[in-house]
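This is what each chain is made of:
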Amino acid sequence: MKKRILVTGGAGFLGSHLCERLLNNGNEVICLDNYFTGQKQNIIHLMDNPYFEVIRHDVTMPFYIEVDEIYNLACPASPVQYQHNAIKTIKTSVMGSINMLGLAKRIKAKILQASTSEVYGDPEIHPQKEEYWGNVNPIGTRSCYDEGKRCAESLFFNYYRQNNVRIKVLRIFNTYGPRMDPNDGRVISNFIVQALKNEDISIYGDGSQTRSFCYIDEMIDGMTRFMNSREELTGPMNVGNPVEFTILELAETVIRLTGSKSKIIYKPLPSDDPMQRQPDITMAKSELGWEPKIALEEGLKKTIKYFENIV
Ligand code: NAD
Ligand code: UDP
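These notes cover the structure that comes with them. Just so it is clear, the structure is predicted and the values come from calculations on it, not from any experiment.

1. Some details on the environment of Tyr-176
With respect to the element layout, Tyr-176 can be found in strand β7 (residues 175-176). Here Tyr-176 falls in the buried class, since its relative accessible area comes to 0%. Contact partners of Tyr-176, with chain neighbours within four places excluded, come to Phe-13, Ile-188, Phe-213, Cys-214, Tyr-215, Ile-216, Ala-295, Leu-296, Gly-299, Leu-300 and Thr-303.

2. What about the site of ligand 2?
Around ligand 2 lies a shell of 18 residues, among which Val-187, Ser-202, Arg-211, Asp-273 and Arg-277 are the nearest. Between a nitrogen atom of ligand 2 and a main-chain N or O atom of Ser-202, the distance comes to 2.6 Å. For ligand 2, an oxygen atom lies 2.6 Å from a polar atom in the side chain of Asp-273. A total of 520 Å² of accessible area belongs to ligand 2 in isolation, and the protein chains cover 95% of it. In terms of residue class, the shell around ligand 2 is built from seven nonpolar, five polar and six charged.

3. Quick word on the site of ligand 1
The environment of ligand 1 is made up of 29 residues, and the closest members are Leu-14, Asp-33, Thr-37, Tyr-145 and Arg-186. Here a nitrogen atom of ligand 1 and a side-chain polar atom of Asp-58 are 3.0 Å apart. Those elements that place two or more of their residues in the shell around ligand 1 are α1 (13-24), β5 (110-116) and α4 (143-163). Looking at which element gives the most residues to the shell around ligand 1, the answer is β5, with three residues. The residue inventory of the shell around ligand 1, partitioned by class, reads 14 nonpolar, 11 polar and four charged.

4. Quick notes on the environment of Glu-218
The topology assignment puts Glu-218 in helix α6 (residues 216-227). The exposure class assigned to Glu-218 is buried, which follows from its relative accessible area of 11%. Beyond its immediate chain neighbours, meaning those up to four positions away, Glu-218 contacts Trp-290, Pro-292, Lys-293 and Ile-294.

5. With respect to the sheet that holds strand β1 (residues 4-8)
Strand order across the open sheet formed by seven strands is β3-β2-β1-β4-β5-β6-β11, with parallel pairing between neighbours. Here the strands that pair on one side only, and so sit at the sheet edges, are β3 (52-56) and β11 (237-239). Strand-to-strand twist of the sheet, defined as the mean angle between neighbouring strand axes without regard to direction, takes the value 20°. Two elements, β5 and strand β6 (residues 167-172), share six bridges in a ladder whose sense is parallel. Within β6, the position partnered with Ile-111 by the bridge is Ile-167.

6. Things to note about the pairing of strand β2 (residues 28-33)
Burial of β2 is extensive: five of the six residues sit out of reach of the surface. Pairing of β1 with β2 involves five bridges; the strand directions are parallel. Among the inter-strand pairings, Val-7 is bridged to a residue of β2, identified as Cys-31. Taking the sense of rotation as the criterion, the β-α-β connection linking β1, α1 and β2 turns out right-handed. Bridge count for β2 against β3 is five bridges, and the pairing is parallel.

7. Some details on helix α5 (residues 187-196)
Where burial is concerned, most of α5 is hidden: eight out of the 10 residues are buried. Among all positions in α5, only Ile-188, Ser-189, Asn-190, Phe-191, Ile-192, Val-193, Gln-194 and Ala-195 are buried. For α5, the elements touching its buried residues are β7, β8 (201-204), α7 (247-258) and α9 (296-310). A positive backbone phi angle near 55° is found at Asn-198, which sits one or two residues after α5.

Calculation criteria
- Each chain has its residues counted from 1, running along the sequence as written.
- As they are written, the chains are lettered A onward and the ligands numbered 1 onward, keeping that order.
- Local features are withheld for residues below a pLDDT of 70 in this predicted model, meaning they are given only at 70 or higher, and side-chain atom pairs are given and counted only at 80 or more; totals for whole chains, interfaces and linings count all residues.
- The side-chain numbers reported here are obtained from all heavy atoms of the structure, hydrogens and water having been left aside.
- Numbered from the N terminus, helices here are DSSP runs of H or I no shorter than four residues, and strands are runs of E no shorter than two.
- Under the scheme applied here, a residue whose accessible area is under 20% of the maximum for its type counts as buried, over 50% as exposed, and between as partly exposed, the area being computed with a 1.4 Å probe on protein chains only.
- Contact criterion: two residues are considered in contact whenever any of their non-hydrogen atoms come within 4.5 Å of each other.
- Note on definitions. A residue lies near a molecule or strand when any single heavy atom of the residue is within 4 Å of it.
- Any N or O atom pair separated by 3.5 Å or less is treated as a polar contact, with the protein-specific requirement of one donor-capable and one acceptor-capable atom, and with residues adjacent in sequence counted only for side-chain atom pairs.
- Where accessible areas are quoted, they stem from the Shrake-Rupley method and a 1.4 Å probe; at the residue level, only the protein chains shown are allowed to cover.
- Side-chain classes are defined by residue name, with Ala, Val, Leu, Ile, Met, Phe, Trp, Tyr, Cys and Pro counting as nonpolar, Asp, Glu, Lys and Arg as charged, and the others, Gly among them, as polar.
- Each pair of strands is called paired provided DSSP finds at least two bridges between the two strands.
- Angles here are taken between N-to-C directions and fall from 0 to 180 degrees, while the axes themselves are lines fitted to C-alpha atoms, restricted in helices to the stretch in contact.
- When the strands point away from the viewer and the path from the first strand over the helix to the second turns clockwise, the crossover is right-handed.

Don't take any of this as a statement about function, it's just geometry.
Below is the structure:
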């Protein structure tokens, strides 16, 4: 059945892939974005589709529409960008969630929140299970994002308990792939761009910190499966690739796959940078039958191909 679906942050990296997938599945999609970190270029190929609509709007302002489902993705996701205007980042997560939850309540829409592994902060439990409450510095430079997203989770569960809003809270772990912004400062885009230009590869700290990287197509698969899952399944649910790499291993792999002449250099580690991160995806496996299969090298090759055409 064709559904009408609102995607906030639809012109961003994840949002543009989500809009595309939802349209391909036969839905009508409304993409809402203020273009802070997103770009029209990410969705230009969808503009000819009569079932696709784009609206320039800021989620911190109320928004009225009739839809069946809402995916709330609006929020800058790279540390450089979310720290650029930290107060605005908090407003986007908190006021954006209040506006979208209020809308969902009024029109009885189902709503999914793009939460994050950052709610676990610098985790002391490894791998991270959904029950873990996290280790977040509430006043640090990352707190605008982490605490904004944690407050958003609280809002979602309070609208669920108090107003019976149908919620889905998804904790997204590091995701990569085509349409990442080459300048947004995230590790995969930075390393690939540096390698393709034969520039120094900038490792922050000694490169022993870890991350687990999920290829975009599989993330979108997990996200849509969760939205369509049984109603009682509110989450929070982890979705990410559980195979963990050190940042040094990532740098070496990117250099090898690009055949680059780049050298690795070491820069100071930003404050509160989590030392380890790996999702426990037992819940996603059993509830959604979802498990990533695309290995990092395979996904990196596709991503490198994309960057070769734009840098
Ligand atoms: P992105 O920066 O590419 O996309 C975010 C989009 O939101 C952009 O198009 C931006 O213009 C838009 N936006 C920002 N503030 C807005 C506002 N106030 N009003 C309307 N639109 C606004 O980032 P992404 O990687 O696509 O991330 C999308 C969502 O997924 C974010 O909520 C992010 O926190 C979450 N997430 C992403 C990752 C990841 O690895 N990419 C990991 C965890 C969580
Ligand atoms: N990082 C790095 N060099 C870069 C960009 C990032 O070593 O040019 C490190 C960063 O310090 C962090 C990891 O890579 O430990 C992932 O950073 P990213 O900003 O991609 O995501 P997040 O920290 O939010 O997981």
